[in-house]
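Listed below are the residues making up each chain.
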Amino acid sequence: MIQRVKRMFKKGDRSYWIGASDLQHEGTFRWEGTGQKVKFNDWSSHQPDNYRGREDCAHLWKKRGYRWNDMPCTSKSGYICQRKAKEYD
Ligand SMILES: [Ca+2]
Ligand SMILES: [Ca+2]
C-alpha cells in the first residue's frame, strides 16, 4: 500500500488525511469510521504534538517521509479511504 501512497504523493504536493483523530479525548487517537483506538501508528518524531492545542487529526506528512503528524482538522488536504478489496474467482 505504501508504494501506492507514494505514487499519489508524486502526482501532487500535498498531505492526506488518514481518518484518525483525538477529537473525543485529547491524546487518544481513534479511527473515525469505527471509533476504535488506533493500535498501529507511524508518528513522525515529536508527533503528535497538538501544536497550539489545535491539532486533532492525523495525516501522512510528505516532508517527514510519509510518517504521521497531527494537524488542525480544518486544514485542506487530500484523503485516503478504506474499501473492500475486489474478489476474484
Ligand atoms: Ca490533539
Ligand atoms: Ca503536529
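For the structure itself, look to the data block above.
The following paragraphs examine the structure supplied in this document. (Residues numbered from 1 in each chain as written. Chains lettered and ligands numbered in written order. Predicted model: local features only at pLDDT ≥ 70, side-chain atom pairs only at ≥ 80, totals over all residues.)

1. A few points about the overall build of the chain
Phase 1: Counting its regular elements, the chain contains one helix and five strands.
Phase 2: In sequence order, the chain lays out its α and β elements as α-β-β-β-β-β.
Phase 3: For the chain, the proportion of its 89 residues judged to be buried stands at 17%. (Helix = DSSP H or I, 4+ residues; strand = E, 2+ residues; numbered from the N terminus. Buried ≥ 20, exposed ≤ 12 C-beta atoms within 10 Å, placed from the backbone.)

2. Regarding the nonpolar core
Phase 1: In terms of nonpolar packing, the biggest core is built from eight residues, these being Trp 17, Ile 18, Ala 20, Phe 29, Cys 57, Ala 58, Leu 60 and Met 71.
Phase 2: Counting residues per element, the ones that place at least two in this core are strand S1 (16-21) and strand S3 (57-61).
Phase 3: Leave out the neighbours within four places in its chain, and Ile 18 touches Ala 58, His 59, Leu 60 and Ile 80. (Core = buried A, V, L, I, M, F, W, Y, C linked by C-beta atoms within 7 Å. Contact = placed C-beta atoms within 7 Å.)

3. A look at the pairing of S1
Phase 1: Note that S1 and S3 share three bridges and pair antiparallel. For Tyr 16, the partnering residue across the bridge sits in S3 and is Leu 60.
Phase 2: With two bridges joining them, S1 and strand S5 (residues 78-79) adopt parallel strand pairing. By the bridge assignment, Trp 17 is partnered in S5 with Tyr 79. (Pairing = 2+ DSSP bridges.)

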